[in-house]
Amino acid sequence: MPASNTNHKPQHLKWQKKSHCLELIYESNEASFTYTLTAEFLRVHSPSADVRGHGNEDSVLQAGKKGVEITHIAMSGHYGINIHFNDNHHTGIYTWSYLKDLCTHQQSLWETYLEKLHEAGLTREANTQVIRFPK
């Protein structure tokens, strides 16, 4: 495995099937850090081209993913995992470095996502649209 990936790969990855979360545990000589990422968070931050955009295109805001669940996880070489969701999304490789980035920036990424949903008049709920009336 390349040395650059060593610091990003968790020592343990647990799929919590009942709560639809991934638990990633990182250990160093000094401490152990545990992060929990929900299926919804992982889905809306998918590294796939369907979400992040193709080439120079803008990313596609993912709405209505509140109830999404993880259905399968597979290793992708030595550098990450592929996550399958119950909305039939299964493209994109979650590299170890990308997962570590999601863990360490989870709060700001989530707040930005919620702001974008609000600005677009969309919600986390499936089949729901927000209609705003002029003041």
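Please read all numbers here as calculations on a predicted model, not as lab measurements.

S.K.: Explanation requested: the nonpolar core in the structure shown.
M.R.: Note that soluble globular proteins tend to have their nonpolar side chains buried in a common cluster. The biggest cluster of nonpolar side chains holds 20 residues, and the ones touching the most others in it are L42, I83, Y94 and L99. Where this core is concerned, the elements lending two or more residues are β2 (21–27), β3 (32–38), α2 (39–44), β4 (70–76), β5 (80–85) and α4 (96–104). Take this core: its biggest share by element is five residues, from α4. Setting aside residues no more than four positions away along its own chain, L99 makes contact with L24, Y26, L37, L42, I81 and Y94.

S.K.: Where do I start with the packing of aromatic side chains in this structure?
M.R.: Scanning the model with the defined rule gives four aromatic pairs in all. By the ring-pair criterion, three or more aromatic residues cluster together here, those being F41, W110 and Y113. Note that K17 overlies the ring of W15, its terminal NZ or CZ placed 4.6 Å from the centroid. The aromatic ring of Y26 is capped on one face by K100, whose charged end is 4.5 Å from the ring centroid.

S.K.: Can you walk me through the confidence of the model for the protein in this structure?
M.R.: Where the model shows low pLDDT, its predicted coordinates should not be examined in detail. Scored by pLDDT, the protein comes out at a mean of 88, with 87% of its residues at no less than 70. Considering each helix and strand of the protein separately, the mean pLDDT is smallest for helix α1 (residues 3–6), with a value of 48, and largest for α2, with 97.

S.K.: What exactly am I supposed to notice about the sheet that holds β2 here?
M.R.: Strand pairing in a sheet relies on backbone hydrogen bonds. The paired strands run either parallel or antiparallel. Taken together, the three strands give an open sheet; going across it, the order is β1-β2-β3, and neighbouring strands pair in antiparallel fashion. Single-partner strands in this sheet number two, and they are β1 (12–16) and β3. Ignoring strand direction, the axes of neighbouring strands in this sheet form an average angle of 15°. By the bridge criterion, seven bridges tie β2 to β3 in an arrangement that is antiparallel.

Rules of the game
Residues numbered from 1 in each chain as written. Predicted model: local features only at pLDDT ≥ 70, side-chain atom pairs only at ≥ 80, totals over all residues. Heavy atoms only, no water. Core = buried A, V, L, I, M, F, W, Y, C linked by side-chain atoms within 4.5 Å. Buried < 20%, exposed > 50% of the residue type's maximum accessible area, 1.4 Å probe, protein only. Helix = DSSP H or I, 4+ residues; strand = E, 2+ residues; numbered from the N terminus. Contact = heavy atoms within 4.5 Å. Phe/Tyr/Trp six-rings, centres within 6.5 Å; stacked < 30°, edge-to-face > 60°. Lys NZ or Arg CZ within 6 Å of the ring centre and 35° of its normal. pLDDT = per-residue confidence, 0-100. Pairing = 2+ DSSP bridges. Axes fitted to C-alpha atoms, helices over the stretch in contact; angles between N-to-C directions.

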